[in-house]
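Examination of the molecular architecture
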Amino acid sequence: MAISLGFGILFATVITLFLVPALYLLQIDAITHIRYLWDLLLGRPERSESSA
Amino acid sequence: MSTRSEEAAERRFQRDGVLSALVAYLLWGVFPVYFKLVQTVPPTEVLTHRIIWAVPFGALILHVRRQWPEVRQAFSSPSTVFWLALAALFISANWLIYIWAVQQEEVLQASLGYYINPLMYVLVGVLFLKERLRRAQLVSVLLAAVGVSYLTIMGGQFPFVAVSLALLFTLYGVIRKQVAVGAMPGLFIETLLLFPFAMAWLSWLMLSQQAEFGDGSVSMSLLLSLAGPLTVVPLLLFAIAARRLTLTVIGFMQFIAPTLQFVVGIFYGEELTTAHLVCFTCIWTAVAIFSIDAFYQQKGRAAF
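Predicted model, so just to flag it, every value in this text is computed and none were measured.

1. Structural notes on the overall build of chain A
The helix and strand tally for chain A stands at one helix and zero strands. With 52 residues in all, chain A has 10% of them scored as buried. If you sum the accessible surface of chain A, you get close to 4,500 Å²; carbon and sulfur atoms cover 76% of it.

2. Thoughts on the packing of aromatic side chains
Residue and element names in this part refer to chain B. Evaluated as defined, the whole model comprises 24 aromatic pairs over all chains. Residues Tyr34 and Phe35 carry aromatic rings whose centres are separated by 5.5 Å and whose planes lie at 65° to one another, so their mutual orientation is edge-to-face. The class of Tyr34 is buried, set by a relative accessible area of 6%. The buried category is assigned to Phe35, whose relative accessible area is 0%. Taken together, the aromatic side chains of Phe31, Tyr34, Phe35, Tyr98, Tyr114, Phe169 and Tyr172 make up a single cluster linked through ring pairs. Lying over the aromatic face of Tyr268, Lys36 brings its terminal NZ or CZ to 4.9 Å of the ring centre.

3. Let's talk about the interface of chain B and chain A
Each partner contributes residues to the interface: chain B has 26 residues there, and chain A has 15 residues. Summed over the three residues of chain B that lose the most area to chain A, namely B:Val64, B:Arg65 and B:Arg243, the buried surface amounts to 31% of that side. Applying the counting rule to chain B against chain A returns zero salt bridges. Elements that contribute at least two residues to the side of chain B that touches chain A include exactly α1 (2–37), α2 (43–64), α7 (160–178), α8 (183–207) and α10 (227–242) of chain B. Here the residues of the side of chain B that touches chain A are counted per class, giving 13 nonpolar, three polar and ten charged.

4. Here we look at a nonpolar patch on the surface
Residues and elements named next belong to chain A. Judged by side-chain polarity, Phe11, Ile15, Leu19, Val20, Leu23, Tyr24 and Leu26 come together as a nonpolar surface patch covering roughly 710 Å² of accessible area. Inspection of the secondary structure puts Leu23 in helix α1 (residues 2–42). The exposure class assigned to Leu23 is partly exposed, which follows from its relative accessible area of 48%.

5. Observations concerning the nonpolar core
All names here are of chain B. The biggest cluster of nonpolar side chains holds 53 residues, and the ones touching the most others in it are Phe35, Val38, Val46, Tyr98, Met184, Phe188 and Leu224. Among residues more than four places away in sequence, those in contact with Val38 are Val46, Gln103, Met220, Leu223 and Leu224. If you look at the next biggest cluster of nonpolar residues, it comprises 22 residues, including Met120, Ala144, Ala275 and Phe290.

6. Regarding the state of the cysteines
All names here are of chain B. For the structure shown, the criterion picks out zero disulfides over all chains. With no disulfide of its own, Cys279 lies 6.7 Å from the sulfur of Cys282, the closest cysteine sulfur. Residue classification places Cys279 among the buried residues on the basis of a relative accessible area of 0%. Under the relative-accessibility criterion, Cys282 is labelled buried at 15%.

7. Some thoughts on α7(B)
Residue and element names in this part refer to chain B. The terminal C-alpha atoms of α7, which comprises 19 residues, lie 27 Å apart, in line with the 27 Å expected from a rise of 1.5 Å per residue. Residues Val161, Ala162, Leu165, Ala166, Leu168, Thr170, Tyr172, Gly173, Val174, Ile175 and Arg176 constitute the buried set of α7. Taken together, the buried residues of α7 touch α4 (78–103), α5 (107–129) and α8.

8. Re unusual backbone geometry
All names here are of chain B. For Arg66, which is not glycine, the phi dihedral falls at a positive 55°. Mapping Arg66 onto the fold places it in the loop between α2 and α3 (68–75). The phi dihedral of Glu105 is positive, around 60°, even though this residue is not glycine. Here Glu105 is to be found in the loop between α4 and α5.

9. Some remarks on the packing of α3(B) against α8(B)
All names here are of chain B. Interhelical geometry of α3 versus α8 gives an angle of 55° and a closest axis separation of 9 Å. Comparing the axis directions of α3 and α8 gives the class oblique. Our pair here, α3 against α8, has a crossing hand that is right-handed. Side by side, α3 and α8 meet where Trp68, Glu70, Val71, Ala74 and Phe75 of the first sit next to Pro185, Phe188, Ile189 and Leu192 of the second. Residues of the contact of α3 with α8, tallied by class, amount to eight nonpolar, no polar and one charged.

10. Observations concerning the packing of α2(B) against α8(B)
Geometrically, a packed helix pair is captured by the angle between its two axes and the distance between the axes. All names here are of chain B. Put simply, α2 and α8 touch, their axes get as near as 7 Å, and they point 135° apart. On the basis of their axis angle, the class for α2 and α8 is oblique. Seen from above, α2 lies across α8 with left-handed handedness. Residue-level contacts link Thr44, Glu45, Thr48, His49, Ile51, Ile52, Ala54, Val55, Gly58, Ala59, Ile61 and Leu62 of α2 to Met184, Pro185, Phe188, Thr191, Leu192, Leu194, Phe195, Ala198, Met199, Trp201, Leu202 and Leu205 of α8. For the contact of α2 with α8, the per-class residue count stands at 18 nonpolar, five polar and one charged.

Calculation rules
- Residues numbered from 1 in each chain as written.
- Chains lettered and ligands numbered in written order.
- Predicted model: local features only at pLDDT ≥ 70, side-chain atom pairs only at ≥ 80, totals over all residues.
- Heavy atoms only, no water.
- Helix = DSSP H or I, 4+ residues; strand = E, 2+ residues; numbered from the N terminus.
- Buried < 20%, exposed > 50% of the residue type's maximum accessible area, 1.4 Å probe, protein only.
- Areas by Shrake-Rupley, 256 points an atom, 1.4 Å probe, with all protein chains shown as cover.
- Phe/Tyr/Trp six-rings, centres within 6.5 Å; stacked < 30°, edge-to-face > 60°.
- Lys NZ or Arg CZ within 6 Å of the ring centre and 35° of its normal.
- Contact = heavy atoms within 4.5 Å.
- Buried area = accessible area lost by both parts, 1.4 Å probe.
- Salt bridge = Lys/Arg side-chain N within 4 Å of Asp/Glu carboxyl O.
- Nonpolar A, V, L, I, M, F, W, Y, C, P; charged D, E, K, R; others polar.
- Patch = residues over 30% accessible without salt bridge, like charges linked within 9 Å, V, L, I, M, F, W, Y side chains within 5 Å.
- Core = buried A, V, L, I, M, F, W, Y, C linked by side-chain atoms within 4.5 Å.
- Disulfide = S-S within 2.5 Å.
- Expected span 1.5 Å × (residues − 1).
- Axes fitted to C-alpha atoms, helices over the stretch in contact; angles between N-to-C directions.
- Parallel < 35°, antiparallel > 145°, perpendicular 65-115°, else oblique.
- Left-handed = near helix turned anticlockwise from the far one by under 90°.

Below is the structure:
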């Protein structure tokens, strides 16, 4: 039992301390990029787009 | 510290412009592939779909970008609406010929047309706006004329498709330059003005069981409705690029589209005769002279 508890803690440590924060960072990055693209394509044009 | 971040912002601004222009011209360049996919549909019906589906899709984009005030402003001036209607006439004729050309295996001629286009623009400027040509411009226009005449005489065919495409697109461009309406609102108003006619035509086709839309397979109907987004999206990207880049940069990048069309034409196994090759070589040289001249002109004018 001690061994299974030990491995459980080891496994959970990696998940909570590394995987979860890393996933949060990925999410923030993805949102930033998607928002940037959205603003670029569909944001209100800052000045009139007179045709070239 | 702040100047560095401003510089970074400016670089990002420029980079986004180049990328937008690149994707826009890539899309325009491979556009013939789409018309090949709807090969079984007559060009007139494809044209009606381009117009009909561009209206709701354009409205959606205008709504998200909050550009309705620009549309309202354009509609408040009758002369603007008149010019946009005329522009709509020219661009729809251009679209129709383009679709027809692709389906008739004349992609190479369509490509030729868009290489000639900037030269035609210069020619129209001379004829109607009394502009004067610089020597390099004169040389490139003459060279293009030589290329077209060679194809006519030696190849035995006057490139009607190429010349009419270039002429119609140039007239469209000249008219659009006269009215101060943005690219997206402009396209929306043009397609909106054409909408009733396209709708009437398609209704008639559908009632007389001649339409491919609705009558054929579901996938074909979906493909046809894709014509709207395919018309709007490249122009949206172009509009984004146009206000970030100088005309010189845009001028260089515009040749991406006909170059890709040329590749697509070859890919579809269109015959490139010697007469074609001579004509294309003349046009390519003309385009090179024209662009280099424009580059140095720009450099001389702006010191930065």
